[in-house]
Structures are given as C-alpha cells and as structure tokens.
Amino acid sequence: MKTGIIIQARTGSTRLPGKVLKTINDRTLLDHIIDRLRARKEDSEVVIATSTLPGDDAIENWCKEKGVICFRGDEQNVLSRYYLCAKEHRYDHIVRMTADNPFPDIEEIDHLIAYHISADNDFTESFSQLPIGVGAEIFSYAALEEDMDKASMPHHFEHVDEYILENMNLFKTGTLTVPKEKNYPDLRLTVDTQEDYERACYIAGNSKTGLASTEEAVRLAKEFEGHV
C-alpha cells in the first residue's frame with residue numbers, strides 16, 4: 001500500500017504573489033514544510049504538484065535543488081492535477097496539503113494517515129480540528145477517482161475534493177480527534193495575506209526550535225496579535 005503526500009503549489013497567488021518561495025526566517029515557505037515532513041514516521045512519499053505555467057518553473061527548479069519530486073499539471077484544474085499525479089505515482093491513499101501552510105503538524109498527519117488506513121475510510125480530515133493551515137485531509141485513490149468522475153461544477157475542479165465534501169453520505173469518512181491544546185480551528189496559521197506572512201515570520205523568528213510545535217505556534221500567534 002502506497003501513500004503519497006501531494007502538496008499543491010504555485011507562484012501565481014493574487015493576494016501575495018510568489019508566497020511559496022518567500023523567505024520566512026531565512027528559509028522559504030516550502031523549506032519549512034519539507035523540513036517538517038522529514039520528521040514523519042508513517043511511510044509516505046512527498047510530491048510538489050505545481051502548474052505547467054512558465055512562472056512555476058521556479059518551483060520545479062526548487063524541487064530539483066532540494067531533491068523533491070515535482071509533478072506539473074493544469075493550473076486551474078487542481079482536481080485533475082491531483083488525480084494525474086496520484087495515478088502516475090500509483091498511490092493508494094493521498095494526503096492533500098497546500099504550500100501556503102508553513103506550520104503543518106506532522107505528528108497529527110502521522111495520526112491522520114494511521115487512523116484513515118486502520119478505519120478503511122474513503123476520506124478523513126483534521127482541518128476542522130486544528131488551526132487554519134495546520135490540519136490536512138487524506139482520501140483513497142478510489143474516492144479521488146470517483147471525485148474526478150462525478151465532478152461537474154466549476155468549483156469541483158478548482159479544488160480537489162469539493163465533490164466529496166458535498167456528498168459525504170456517499171463515502172466512509174472520519175475526523176481525527178486532536179488534543180485540546182491544539183484545537184483552535186479559527187486561528188490563522190496559514191499564509192494568504194501580508195498580515196499572515198508577518199505572523200508567520202514572527203512565529204518562526206521567535207520559536208525556540210525554529211520548527212514551532214502547534215502549541216508553540218498558537219501561543220506565538222496570540223502574542224503576535226497583541227503586538228499588531
């Protein structure tokens with residue numbers, strides 16, 4: 001059984017252009033994610049899935065430099081990008097992550113993968129339990145294939161699992177339980193705006209380890225809000 005962690009990334013953000021390669025405390029946002037993923041315990045393979053647009057050549061070059069697998073597909077049809085990536089690499093299960101989240105909780109991603117597989121779920125998530133940008137979701141290849149087959153609305157293709165989320169009764173689903181110290185689903189730890197970026201820089205710059213735990217990131221995010 002093969003599990004893939006597919007991280008969608010592109011440089012064409014309208015609110016914060018080039019954010020995935022912006023520097024946060026001397027490392028790019030992508031570096032923060034990949035450095036954290038090296039601590040994972042569940043067996044999995046990491047792929048950066050970017051677009052075929054020339055502007056995203058920089059992401060492919062970053063992947064080559066870092067020794068990370070890169071897949072390139074349609075910019076707008078993110079669903080097909082995931083589907084074709086998963087198909088090419090023959091993944092049985094796929095963890096979806098995005099490259100604008102520098103503080104993923106790797107311990108909880110390990111828990112998510114283990115729970116999803118042991119429960120034989122089609123779809124399992126932790127994003128509703130953890131701060132925004134910290135959680136993740138995992139789905140089986142069969143569920144992704146059905147998602148691709150049944151998707152019909154424009155927003156189904158702009159995102160990966162909108163069809164699944166709108167038809168949860170058709171799938172076996174689960175939600176990971178996380179410790180209450182991490183249960184802050186309304187707290188922003190993603191990078192989508194300039195303020196988000198400044199918050200991320202504050203957290204990374206003031207972390208005792210440089211790779212803030214979710215508990216430390218929550219504390220520093222609250223501290224940051226008191227400073228702005």
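Residues numbered from 1 in each chain as written. Predicted model: local features only at pLDDT ≥ 70, side-chain atom pairs only at ≥ 80, totals over all residues. Heavy atoms only, no water.

**Side note on the overall build of the protein**
- Within the protein, the regular secondary structure consists of 9 helices and 9 strands.
- Its C-alpha atoms give the protein principal-axis dimensions of about 50 × 40 × 30 Å.
- Counting only residues that meet the buried cut, the protein has 52% of its 228 residues in that class.
- For the protein, long-range pairs separated by at least 24 residues make up 69% of all intrachain contacts whose partners lie at least 6 apart in sequence.
- Accessible area of the protein: about 10400 Å², with a carbon and sulfur share of 48%.
- Averaged over its 26 positive side-chain charges, the protein has a centre that lies 4 Å from the centre of its 41 negative ones. (Helix = DSSP H or I, 4+ residues; strand = E, 2+ residues; numbered from the N terminus. Buried < 20%, exposed > 50% of the residue type's maximum accessible area, 1.4 Å probe, protein only. Contact = heavy atoms within 4.5 Å. Areas by Shrake-Rupley, 256 points an atom, 1.4 Å probe, with all protein chains shown as cover. Lys, Arg positive; Asp, Glu negative; His and termini not counted. Charge placed at Lys NZ, Arg CZ, Asp CG, Glu CD.)

**Observations concerning the sheet that holds strand S5 (residues 69–73)**
- On the basis of which strands lie adjacent, the open sheet formed by 7 strands has the order S5-S4-S1-S6-S8-S7-S9 and mixed pairing. Of all strands in the sheet, those bounded by a partner on one side alone are S5 and strand S9 (173–175). For this sheet the average axis-to-axis angle between neighbouring strands, irrespective of direction, equals 25°.
- Pairing analysis gives 6 bridges linking strand S1 (residues 3–8) to strand S6 (residues 93–98), with the strands arranged parallel. Each residue of the ladder has a partner; that of Thr3, found in S6, is His93.
- The sheet strands contacting helix H2 (residues 57–66) are strand S4 (45–51) and S5, and the helix crosses S5 at an angle near 160°. (Pairing = 2+ DSSP bridges. Axes fitted to C-alpha atoms, helices over the stretch in contact; angles between N-to-C directions.)

**Some thoughts on the environment of Pro54**
- Mapped onto the elements of the fold, Pro54 is located in the loop between S4 and H2.
- Remark: the alpha-carbon pair of Pro54 and Thr11, spanning 43 residues in sequence, is separated by 10.0 Å.

**Considering the pairing of S6**
- The element S6 is largely enclosed, with a buried count of 5 among its 6 residues.
- The pairing of S6 with strand S8 (residues 137–140) spans 4 bridges and is classified as antiparallel. By the bridge assignment for S8, Val95 is matched with Ile138.

**Let's talk about the nonpolar core**
- By size, the foremost hydrophobic cluster in this structure holds 45 residues, and its most contacted members are Ile7, Ile34, Leu37, Ile48, Met97, Leu189 and Ile203.
- For this core, the secondary structure elements donating two or more residues are S1, helix H1 (29–37), S4, H2, S6, helix H4 (106–118), helix H8 (194–206) and helix H9 (214–227).
- Formed by 22 residues, the second largest nonpolar core is a distinct cluster that contains Ile6, Ala49, Val78 and Leu144. (Core = buried A, V, L, I, M, F, W, Y, C linked by side-chain atoms within 4.5 Å.)

**Here we look at the side chain of Ser51**
- Here Ser51 shows up in strand S4.
- Classification of Ser51 as buried rests on a relative accessible area of 0%.
- At 3.1 Å, the side chain of Ser51 forms a polar contact with the backbone nitrogen of Leu53. (Polar contact = N/O pair within 3.5 Å; in protein donor to acceptor, adjacent residues only side chain to side chain.)

**Topic: the pattern of salt bridges**
- Counting across every chain of the model gives 21 salt bridges.
- Where Lys19 meets Asp192, a salt bridge forms, and the shortest distance between an N and an O atom there is 3.2 Å. Remark: Asp192 occurs in the loop between S9 and H8 and Lys19 occurs in the loop between S1 and strand S2 (23–24); sequence separation between them is 173 residues. Per residue, the accessibility class of Lys19 equals that of Asp192, and both read buried.
- We note a salt bridge from Arg219 to Glu223, for which the minimum N-O separation is 3.6 Å. (Salt bridge = Lys/Arg side-chain N within 4 Å of Asp/Glu carboxyl O.)

**Focus on the layout of surface pockets**
- The space that makes up the largest pocket amounts to roughly 1000 Å³.
- Ranked by the residues each element gives to the lining of the largest pocket, the list is headed by S6, at 3 residues.
- Partitioning the lining of the largest pocket into residue classes produces 14 nonpolar, 11 polar and 13 charged.
- Roughly 240 Å³ of internal volume is contained in the second largest pocket.
- Around the second largest pocket, the lining is made up of 17 residues, and of these Arg36, Pro104, Asp105, Ile106 and Glu107 lie nearest the centre. (1 Å grid on protein atoms, 1.4 Å probe; cavity = no way out; pocket = protein on both sides within 12 Å on 5 of 7 lines; lining within 4 Å. Points joined across faces, edges and corners; volume = space filled by probe spheres on them. Nonpolar A, V, L, I, M, F, W, Y, C, P; charged D, E, K, R; others polar.)

**Here's the deal with empty space enclosed by the protein**
- A complete count under the given rule lists 1 cavity of 30 Å³ or more for this structure.
- Taken as a whole, the largest cavity encloses approximately 40 Å³ of empty space.
- Lining of the largest cavity is provided by Met97, Thr98, Asn101, Pro104, Ile109, Gly133, Gly135 and Ala136.
- Looking at the lining of the largest cavity residue by residue, the classes come out as 4 nonpolar, 4 polar and no charged.

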